[in-house]
Amino acid sequence: MGDKRYPACARCPTKTCENRGGKAGEPPSLEKAPAFCPMKLMPDVYGAAMAEYDKPEVKEFARLASVQEFQCYERLPDGLRTRLPRIEELIQFARKCGYKRLGIAHCGGLAHEAGLLTEVLEKNGFEVVSVQCKTGAVPKERIGIKVDEKIAGPETWETMCNPIVQAMIINRSKVDMAIMLGLCIGHDTLFIKYCDVPLTVFAVKDRVLGHNPLAALYAGETYYKRLRGKIE
Ligand code: SF4
């Protein structure tokens, strides 16, 4: 089971916290939880987190999110069945929260998808602000990119992705919620750092796998066996 000194839920064989099959009102015993379980390593944070949930606006947001989660399933005679793709979840959740104005921060490579998403959201009554990553038309040289590091070639103009300005525009547009659509790794990190409004992710970028990075893990026993080794 290992006795790592840091939380490692991804390696947990017991999932004691899920308490599957347990009765309502009867919490699980931590005896079976591994030594690296955060419930054992950092017991104090749970109280601190619950104190946050006790703030009325946080509690209500968390409640609505869990109601939305519940509504994504239907209970049929043969068991639970999933029923909503993320886009419908997004619409339902935004309505639950009373949001009227949504802000899409998208990659230039997903401009078509941003248009489709805008159309769907507008048809469902939302006002939709959108900002693509290349806004500002700042050349990549401005952040120290060398000519031989430009994708389109050394002689060609190449606009940098500008997630900080995307976040600033989204913040200034007074949207109720920001929606990230296909920003690159690292650019997404910056966007999250500078975005001041509630933020959700509609899709992450994976240029090879149709923006579904999990596909490489799912095919890890076959086409992506190389993931078992060290990636260069
Ligand atoms: S919280 Fe503890 S019991 Fe739950 S998955 Fe993590 S290590 Fe396992």
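Scroll up to find the structure this text is about.
These numbers were taken from a predicted model, which means no experiment stands behind them.

What counts as what
- Residues numbered from 1 in each chain as written.
- Predicted model: local features only at pLDDT ≥ 70, side-chain atom pairs only at ≥ 80, totals over all residues.
- Heavy atoms only, no water.
- Helix = DSSP H or I, 4+ residues; strand = E, 2+ residues; numbered from the N terminus.
- Buried < 20%, exposed > 50% of the residue type's maximum accessible area, 1.4 Å probe, protein only.
- Areas by Shrake-Rupley, 256 points an atom, 1.4 Å probe, with all protein chains shown as cover.
- Near = heavy atom within 4 Å.
- Nonpolar A, V, L, I, M, F, W, Y, C, P; charged D, E, K, R; others polar.
- Pairing = 2+ DSSP bridges.
- Phe/Tyr/Trp six-rings, centres within 6.5 Å; stacked < 30°, edge-to-face > 60°.
- Salt bridge = Lys/Arg side-chain N within 4 Å of Asp/Glu carboxyl O.

1. Some thoughts on the overall build of the protein chain
- In terms of regular secondary structure, the protein chain is built from eight helices and six strands.
- Secondary structure elements in the protein chain, listed N-terminal to C-terminal, are α-α-α-β-β-α-β-α-β-α-β-α-β-α.
- Its C-alpha atoms give the protein chain principal-axis dimensions of roughly 65 × 50 × 40 Å.
- Counting only residues that meet the buried cut, the protein chain has 30% of its 232 residues in that class.
- When the accessible surface of the protein chain is split by element, carbon and sulfur atoms take 57% of a total near 15800 Å².

2. As for the site of the ligand
- Around the ligand, the structure places C9, C12, K15, T16, C17, P34, C37, P38 and M39.
- Residue composition of the shell around the ligand, by class: seven nonpolar, one polar and one charged.

3. Things to note about the pairing of strand β6 (residues 199–203)
- Sheet analysis places strand β5 (residues 177–181) next to β6, joined by four bridges and oriented parallel. What sits directly across from I179, in β6, is T200.

4. Some points on the packing of aromatic side chains
- For the coordinates displayed, the defined rule picks out one aromatic pair.
- Centre to centre, the rings of F61 and F93 are 5.3 Å apart; their planes meet at 90°, and the pair counts as edge-to-face. Residue F61 is found in helix α3 (residues 56–71), and its partner F93 is found in helix α4 (residues 86–96); the two are separated by 32 residues along the sequence.
- Here F61 falls in the partly exposed class, since its relative accessible area comes to 34%.
- Of the residues examined, F93 reaches a relative accessible area of 13% and is grouped as buried.

5. Focus: the pattern of salt bridges
- The final tally for this structure, using the stated rule, is nine salt bridges.
- Between E18 and R20 there is a salt bridge whose closest N-O contact spans 2.7 Å.
- Accessibility expressed as a relative area gives 39% for E18, which makes it partly exposed.
- Since its relative accessible area comes to 72%, R20 is described here as exposed.

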